[in-house]
Amino acid sequence: MTTRQVQIAVIGGCSVGKTALVVQLISALFEEEYVPTADEDRVAMLDYGETSIKLVIHDTSGSEKFAEAREEKYTTAEGFLAVYSIERRRSFNELRMFLEKLQQVRGIRSIPLVVVGNKVDLQNVREVERSEGEELAKTLGCPFVELTARERDSVVGAFKQLIREMDKTAVVRKENMKLKLTHCTLCALL
Ligand SMILES: Nc1nc2c(ncn2[C@@H]2O[C@H](COP(=O)(O)OP(=O)(O)OP(=O)(O)O)[C@@H](O)[C@H]2O)c(=O)[nH]1
Ligand SMILES: [Mg+2]
């Protein structure tokens, strides 16, 4: 089995469940306690088809106090899990602001992303409709999932979906590069 290393960041407002998702992926348990994150890097191993993936995960803070550390990751991470909580409208609006900033920093629209509506176990106090999350993802041209950090399978699924997005973007880049090279060769010949 080959091993590959990728760097991703989990972004979103305070208390949406970013750390809970990462802990579920790494340790297969649900963290009930809320301990706000400042800025933490964690490593997870993930089987992905024939490949073993070493995921370096930047678990960012949702707080404005640590905005600088979060925004540093906008330039370094190869892919992003963009999280809000379905039971908090404010977290949806905050995520949209973070994503706008991310687009400004990266300057391109083809950033590998998965939008995650977390805490779907709290349906009875839902403030953000599923259709709103779907619409946001559609605008960004990326997948959308609703899940809860309590359920491991869907959490692992979301991280794998992000890797698929990263692979897709890499293929598009290669194709564009090939097109450019063909174009240059043609120009040289003419
Ligand atoms: N009911 C429910 N609670 C959740 C879920 N995911 C996370 N939580 C809880 O929400 C609280 C905040 O979760 P964290 O993962 O620490 O939130 P965070 O996004 O990392 O927050 P910051 O580090 O401050 O940015 C914790 O008490 C978690 O147990 C979920 O799917 N359902
Ligand atoms: Mg956290």
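Everything that follows concerns the structure shown earlier in this document.
Conventions we followed
- Residues numbered from 1 in each chain as written.
- Chains lettered and ligands numbered in written order.
- Predicted model: local features only at pLDDT ≥ 70, side-chain atom pairs only at ≥ 80, totals over all residues.
- Helix = DSSP H or I, 4+ residues; strand = E, 2+ residues; numbered from the N terminus.
- Buried ≥ 20, exposed ≤ 12 C-beta atoms within 10 Å, placed from the backbone.
- Contact = placed C-beta atoms within 7 Å.
- Near = placed C-beta within 6 Å.
- Nonpolar A, V, L, I, M, F, W, Y, C, P; charged D, E, K, R; others polar.
- Pairing = 2+ DSSP bridges.
- Axes fitted to C-alpha atoms, helices over the stretch in contact; angles between N-to-C directions.

*Asks:* Help me understand the overall build of the chain, please; the structure alone is not making it clear to me.
*Replies:* Within the chain, the secondary structure is distributed over five helices and six strands. When its helices and strands are written in sequence order, the chain yields β-α-β-β-α-β-α-β-α-β-α. For the chain, the residues scored as buried account for 34% of the 190 residues in total. In the chain, 71% of the contacts between residues at least 6 apart in sequence involve partners at least 24 apart.

*Asks:* I'm lost on the site of ligand 1 in this one. Help?
*Replies:* Close to ligand 1 lie 23 residues; G17, T19, T37, G62 and T148 are nearest. It is helix α1 (residues 18-27) that provides the largest number of residues to the shell around ligand 1, a total of three residues. Here the shell around ligand 1 is composed, by residue class, of seven nonpolar, 10 polar and six charged.

*Asks:* I tried to follow the environment of L122 on my own but got confused; where do I start?
*Replies:* Along the polypeptide, L122 turns up in the loop between β5 (113-118) and α4 (130-140). Placed 35 residues apart in sequence, L122 and E87 show a C-alpha to C-alpha distance of 6.7 Å. Once residues lying within four places of it in the same chain are set aside, the contact partners of L122 are I86 and E87.

*Asks:* What am I meant to see in the sheet that holds β5 here?
*Replies:* The mixed open sheet is built from six strands, whose spatial order is β2-β3-β1-β4-β5-β6. Looking at the sheet topology across the chains shown, the edges are occupied by β2 (39-48) and β6 (144-146). Taking the axes of each pair of neighbouring strands and ignoring which way they run, one obtains an average angle of 25° across the sheet. Relative to β5, strand β4 (residues 79-85) runs parallel, the two sharing six bridges. Note that in β5 the partner of A82 across the bridge is V115. Against the sheet, α1 makes contact with β1 (2-12), β2, β3 (51-60), β4 and β5, and its axis sits at roughly 155° relative to β3, the strand it touches most.

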